[in-house]
Amino acid sequence: MIEIKQQISLKSYNTFGIDVSCNYFVEINSENDFFELIKNNIYKNNQKLIIGGGSNILFTKNFDGIVVKINLKGISIKSETETEVIVKSYAGEGWHDLVLWSIANNFCGLENLSLIPGCVGASPMQNIGAYGVEIKDVFYELEALEIETGLKKKFNIKDCKFGYRESVFKNEMKNRYLISSVSFKLKKNIILNTLYGAINEELAIMQVNNPTIKDVSNAVIAIRQSKLPDPKITGNAGSFFKNPEVSKEKYLSLKTSFENIVAYPLPNGNYKLAAGWLIEKCGLKGFELDNASVHTKQALVLINKSNATGNNIYQLSTYVLQKVFNTFGVTLEREVNIF
Ligand code: FAD
Ligand code: NAP
């Protein structure tokens, strides 16, 4: 049985902690709840916004419509062979809870993605990634319900058109589907990926010589906790910008002026620049504008310093964009979804 509430504050439903409201708010605990909802006139006649944990959203104004919070729960094994297992998770499971479940079952593949906030249902939206792993590397399929009709559709990896922090659901299928479950193909034989970022250094600090998947997860958790603000204490949505991709020529010309620029070659011949480094080089680490600020430990993260509005955060992001463009001639793109 669904309950549509009116004039609800969204402050506790977005990790920036922005105090906006929505006209209508409903929580979905089962697919049947959704089938009931789509028959309701309030749903039919209003703009819709599906949310999970609200950790990749910036509200710049009240939401003039109905917010649908997805709580569908359940994790199960769909099939397995001697070496692989297909794990299905409903959309409302916490992402990190799924990671911990996989580690407890000794299934390999999700450990580098430890401690990413939010829910499983949002994970395909931007093909979440960290420490050299993206969900496209472990993705099997997903089920989605058409927002207007409730019709169920399966998407395989090709259908999802995953890219760097991108998918079909952020582009041509934007606002078309509610992702209800995601299935992952995990490994029973352990192949760890510890080369990325500071994982190996952290394992050395932990004095771990032959890491298990749990050790890798713990190392990732320790690094993240040392660098990233905890949204429960300081409002943020993780990296506010994507790492920009530039041509080899552009990279080489930047390299002549900025010898220490942090960049990584891509398979297509272009280079990925570390946006955090660009922002820091502009002298913006810790920079404050109104009630928003650039995080002191990782410049890619913008934070709600004290009761910031969504516009405070957005204006800071515009300031950062302009500074980076004026200094490097590189345009940053926002990763966070703006409403
Ligand atoms: P929400 O913020 O609720 O929604 C995000 C978008 O997805 C919105 O457009 C929403 O409409 C849509 N959406 C949500 N659920 C559904 C659904 N079931 N069906 C259809 N559409 C849906 N991201 C990374 O990729 N890598 C990281 O390492 C990472 N680290 C982070 C660290 C911190 C401290 C924080 C705060 C954020 C970080 N993020 C990271 C960003 C964020 O956690 C992820 O993008 C996460 O997947 C968002 O999940 P959510 O449930 O909070 O989505
Ligand atoms: P970091 O390790 O300090 O690295 C800085 C940047 O360099 C990262 O953005 C990463 O790109 C890139 N990088 C590092 N090692 C690389 C390698 N071996 N090959 C290619 N690129 C490499 O970054 P961090 O801020 O501490 O974050 C660690 C990881 O968590 C990163 O993967 C980052 O994407 C992820 N993260 C994401 C968010 C988010 O909200 N999206 C928030 C926090 C952390 P990539 O970003 O492309 O990996």
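Residues numbered from 1 in each chain as written. Chains lettered and ligands numbered in written order. Predicted model: local features only at pLDDT ≥ 70, side-chain atom pairs only at ≥ 80, totals over all residues. Heavy atoms only, no water.

A. Just the overall build of the protein, in detail. Within the protein, the secondary structure is distributed over nine helices and 20 strands. For 339 residues, the compact-globule estimate of 2.2 N^0.38 gives 20 Å, and the protein sits close to it at 21 Å. Considered along the principal axes of its C-alpha atoms, the protein spans approximately 60 × 55 × 35 Å. The 339 residues of the protein split such that 50% are buried. Counting contacts in the protein only where the partners sit at least 6 residues apart, residues at least 24 apart contribute 61% of the total. Accessible area for the protein stands at about 16,100 Å²; split by element, carbon and sulfur atoms hold 48% of it. The centroid of the 38 positive side-chain charges in the protein is displaced by 3 Å from the centroid of its 34 negative side-chain charges. (Helix = DSSP H or I, 4+ residues; strand = E, 2+ residues; numbered from the N terminus. Rg over C-alpha atoms; globule rule 2.2 N^0.38 Å. Buried < 20%, exposed > 50% of the residue type's maximum accessible area, 1.4 Å probe, protein only. Contact = heavy atoms within 4.5 Å. Areas by Shrake-Rupley, 256 points an atom, 1.4 Å probe, with all protein chains shown as cover. Lys, Arg positive; Asp, Glu negative; His and termini not counted. Charge placed at Lys NZ, Arg CZ, Asp CG, Glu CD.)

B. A look at the site of ligand 1. Taken together, 33 residues surround ligand 1, and among them Ile50, Gly53, Ser55, Gly129 and Arg224 come closest. Between ligand 1 and the protein, one listed contact pairs an oxygen atom with a backbone N or O atom of Gly52 at 2.8 Å. For ligand 1, an oxygen atom lies 3.0 Å from a polar atom in the backbone of Pro117. About the coverage of ligand 1: the protein hides 94% of its 980 Å² of free accessible area. Elements supplying a minimum of two residues to the shell around ligand 1: β3 (47-51), β8 (129-130), β12 (177-187) and β13 (235-239). (Near = heavy atom within 4 Å. Polar contact = N/O pair within 3.5 Å; in protein donor to acceptor, adjacent residues only side chain to side chain.)

C. A look at the pairing of strand β6 (residues 75-80). Direction of pairing for β6 relative to strand β7 (residues 84-90): antiparallel, over a ladder of five bridges. What sits directly across from Ile75, in β7, is Ser89. Counted along the chain from β6 to the antiparallel partner β7, the turn is three residues long. (Pairing = 2+ DSSP bridges.)

D. Summary view of the domain arrangement of the protein. Taken as a whole, the protein is organised into domain 1 (5-70), domain 2 (75-187) and domain 3 (235-338). Opposite the 12 residues of domain 1 that make contact, domain 2 presents 16 residues. Surface buried jointly by domain 1 and domain 2 totals about 1,100 Å² across both partners, of which 66% is contributed by carbon and sulfur atoms. Of all residues in domain 1, Glu31, Phe34 and Ile70 bury the most surface against domain 2, accounting for 41% of the area lost on that side. (Domains from an automatic or database assignment. Buried area = accessible area lost by both parts, 1.4 Å probe.)

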